[in-house]
Amino acid sequence: MYKLGITGGIGSGKSTASDYLSLKPKVYVFNADKEAKKCLKKSLSLQHKLINIFGNDITEGGKLVLSKLAQVAFKNKMNQELLNGIMWPEILLLIDKSISENKQVDLFIVDAALIFEGRLNNILDAVLLIKTNDKLRKRRAIKRRSISLVEIEKRMALQMKEKEKEKIADYVIHNDKQEVDLFKKIDSLYKKLIKK
């Protein structure tokens, strides 16, 4: 089993790349964002930890509201680090569990925006960075998400700079053209990885 991380900033096309690869035979995609949300919804102890840290700004009727948590978490670097400090150990456990449950796959993918920040690259064989210019990223993010340009820019500012990621990524795919172009590049990387 080859373990590949796919990362990229908001609107880069990271999840489009992961979704495309998930259609290939013997490929499993672990979507860190979706799994973290699932885990949070199930775990009352995690919810209580977050409410203790961030207070009632993230609740409604005493219950944690994910959209409010996102607003508070992306307010500044410190809040983001507090949230990540609680969530990353959980995500690592979930990835470990998922790897042991999917031993039959040839390619195990971790789709996560913060692979390097969370040091998830330490448990992976390689990391692919999907890179896109900022203008295009903003346009795509606005189209796909129900958040404002201001919120998108805030999130972009909190993420590690693309140049820094590019230096430490094993593979880089530029996604500034059509989806079909992205898929061609992914196909050629997939063939290379499956041969390893």
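Right above here is the structure, for reference.
These remarks concern the structure in this document. (Residues numbered from 1 in each chain as written. Predicted model: local features only at pLDDT ≥ 70, side-chain atom pairs only at ≥ 80, totals over all residues. Heavy atoms only, no water.)

Section: a positive patch on the surface
And step 1. There is a patch of like positive charges on the surface, built from K135, R139, K143 and R144.
And step 2. Note that R144 resides in helix α6 (residues 134–144).
And step 3. You can call R144 exposed: its relative accessible area is 54%. (Patch = residues over 30% accessible without salt bridge, like charges linked within 9 Å, V, L, I, M, F, W, Y side chains within 5 Å. Areas by Shrake-Rupley, 256 points an atom, 1.4 Å probe, with all protein chains shown as cover. Salt bridge = Lys/Arg side-chain N within 4 Å of Asp/Glu carboxyl O. Lys, Arg positive; Asp, Glu negative; His and termini not counted. Charge placed at Lys NZ, Arg CZ, Asp CG, Glu CD. Helix = DSSP H or I, 4+ residues; strand = E, 2+ residues; numbered from the N terminus. Buried < 20%, exposed > 50% of the residue type's maximum accessible area, 1.4 Å probe, protein only.)

Considering the sheet that holds strand β6 (residues 126–131)
And step 1. With respect to topology, five strands assemble into an open sheet ordered β2-β5-β1-β6-β7, the strand pairing being parallel. A strand with exactly one partner marks an edge of an open sheet, and here the two such strands are β2 (27–31) and β7 (171–174). Put simply, the sheet's adjacent strands are angled 20° from each other on average, direction ignored.
And step 2. Here five bridges tie strand β1 (residues 2–7) to strand β5 (residues 107–111), and the two strands are oriented parallel to one another. Bridge pairing in β5 links L4 to I109.
And step 3. Strands β1, β2, β5 and β6 of the sheet are contacted by helix α1 (residues 14–21), whose axis makes an angle of about 155° with β5.
And step 4. Seen against the sheet, helix α2 (residues 32–42) touches β2 and β5 and runs at an angle of roughly 55° to β2. (Pairing = 2+ DSSP bridges. Axes fitted to C-alpha atoms, helices over the stretch in contact; angles between N-to-C directions. Contact = heavy atoms within 4.5 Å.)

Section: the nonpolar core
And step 1. Counting 33 residues, the largest nonpolar core has L50, I58, L69, M87, I91, I95 and V110 as the members making the most contacts within it.
And step 2. Breaking this core down by element, the ones donating at least two residues are α2, α3 (44–54), α4 (66–73), α5 (77–101), β5 and β6.
And step 3. With seven residues, α5 is the largest single contributor of residues to this core. (Core = buried A, V, L, I, M, F, W, Y, C linked by side-chain atoms within 4.5 Å.)

Distances and angles like these do not, on their own, reveal function.
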